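Residue-level structure breakdown
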Amino acid sequence: MDLHTGILKEHSKQNTLRIADWVGDNPERVRALVRLFLEGEYRVAQRAAWILNTVAERHPVVIAPHLELMIARIQEAGVPVAAKRNVIRMLQFIDIPEPIHGSVMQICFDWLADPAETVAVRCFSMTVLARLARTYPEIRQELRLIIEDELSRTPTAGFRARARKILPEM
């Protein structure tokens, strides 16, 4: 399969799952998919992010070596919001390598506190931070304060629901 052509074929869950099945836990195919995420044009990077998220849910170990580059990419100006959303969503479910804990925490705190950020990215950031707070209890107070502050600004139902789930852990 030509990965680039397959990604552009259609934007659907069925196509995403078909490509994720093909990629599987094959390191070469994962590398090729990550390369399209990092270097592909907007639409390709956006769709590659969704496929990467699906692959990560099924085979988290094959994604770990690429996380540092993926984290760097989602911080770049002009990155598709779908790329940010899918990478942060992925981080909710996989073991984040210790060397990138600090940068992931910083990104997530920045996005959680940014009212201009999408609700999905903010909610996923909240969950990632809650998971990291198990390892770094010193961030619990800051996380709690940001969540409570954002709740006072009448956020969406999705944000409120996620906050209600996470606040008791803090």
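Glancing now at the overall build of the protein chain. From N to C terminus, the protein chain includes eleven helices and zero strands. Helices and strands in the protein chain line up, N terminus first, as α-α-α-α-α-α-α-α-α-α-α. For 170 residues, the compact-globule estimate of 2.2 N^0.38 gives 15 Å, and the C-alpha radius of gyration of the protein chain, at 16 Å, lies within 12% of that figure. Oriented by its inertia axes, the alpha-carbon framework of the protein chain measures out at about 50 × 30 × 25 Å. In the protein chain, buried positions account for 48% of the 170 residues. Looking at the protein chain as shown, the accessible area adds up to about 8,600 Å², and 51% of this sits on carbon and sulfur atoms. Across the protein chain, 23 positive and 21 negative side-chain charges occur, with their mean positions spaced 7 Å apart.

With that out of the way, let us pick up the packing of helix α3 (residues 27-39) against helix α4 (residues 42-58). For any two helices packed against each other, one specifies the crossing angle of their axes together with the interaxial distance. Close contact between α3 and α4 brings their axes to 8 Å; oriented N to C, the two are set at 140°. What the angle tells us is that α3 and α4 run oblique. Once α3 is placed against α4, the crossing between them reads as left-handed. Along its contact with α3, which presents Val30, Leu33, Val34, Leu36 and Phe37, the element α4 presents Val44, Ala45, Ala48, Ala49, Ile51, Leu52 and Val55. Class assignment of the residues belonging to the contact of α3 with α4 gives a composition of twelve nonpolar, no polar and no charged.

Before going further, it helps to examine the pattern of salt bridges. Applying the stated criterion across every chain, the model contains ten salt bridges. Glu148 serves as the salt-bridge partner of Arg144, at 3.1 Å between the closest nitrogen and oxygen. Highlighted residues: Arg144 and Glu148, both in helix α10 (residues 140-151), separated by four residues, approximately one helical turn. Of the residues examined, Arg144 reaches a relative accessible area of 26% and is grouped as partly exposed.

A few words now on the side chain of His66. Here His66 lies in the loop between α5 (60-63) and α6 (67-74). In this structure, His66 is in contact with Val30, Arg31 and Val34, ignoring residues within four places of it in sequence.

This next bit is on the state of the cysteines. By the definition in use, this model includes zero disulfides. Left without a disulfide partner, Cys108 is nearest to the cysteine sulfur of Cys123, which lies 12 Å away. Given the relative accessible area of 0%, Cys108 is considered buried. Using a relative accessible area of 6% as the deciding quantity, one classes Cys123 as buried.

Rules of the game
- Residues numbered from 1 in each chain as written.
- Predicted model: local features only at pLDDT ≥ 70, side-chain atom pairs only at ≥ 80, totals over all residues.
- Heavy atoms only, no water.
- Helix = DSSP H or I, 4+ residues; strand = E, 2+ residues; numbered from the N terminus.
- Rg over C-alpha atoms; globule rule 2.2 N^0.38 Å.
- Buried < 20%, exposed > 50% of the residue type's maximum accessible area, 1.4 Å probe, protein only.
- Areas by Shrake-Rupley, 256 points an atom, 1.4 Å probe, with all protein chains shown as cover.
- Lys, Arg positive; Asp, Glu negative; His and termini not counted.
- Charge placed at Lys NZ, Arg CZ, Asp CG, Glu CD.
- Axes fitted to C-alpha atoms, helices over the stretch in contact; angles between N-to-C directions.
- Parallel < 35°, antiparallel > 145°, perpendicular 65-115°, else oblique.
- Left-handed = near helix turned anticlockwise from the far one by under 90°.
- Contact = heavy atoms within 4.5 Å.
- Nonpolar A, V, L, I, M, F, W, Y, C, P; charged D, E, K, R; others polar.
- Salt bridge = Lys/Arg side-chain N within 4 Å of Asp/Glu carboxyl O.
- Disulfide = S-S within 2.5 Å.

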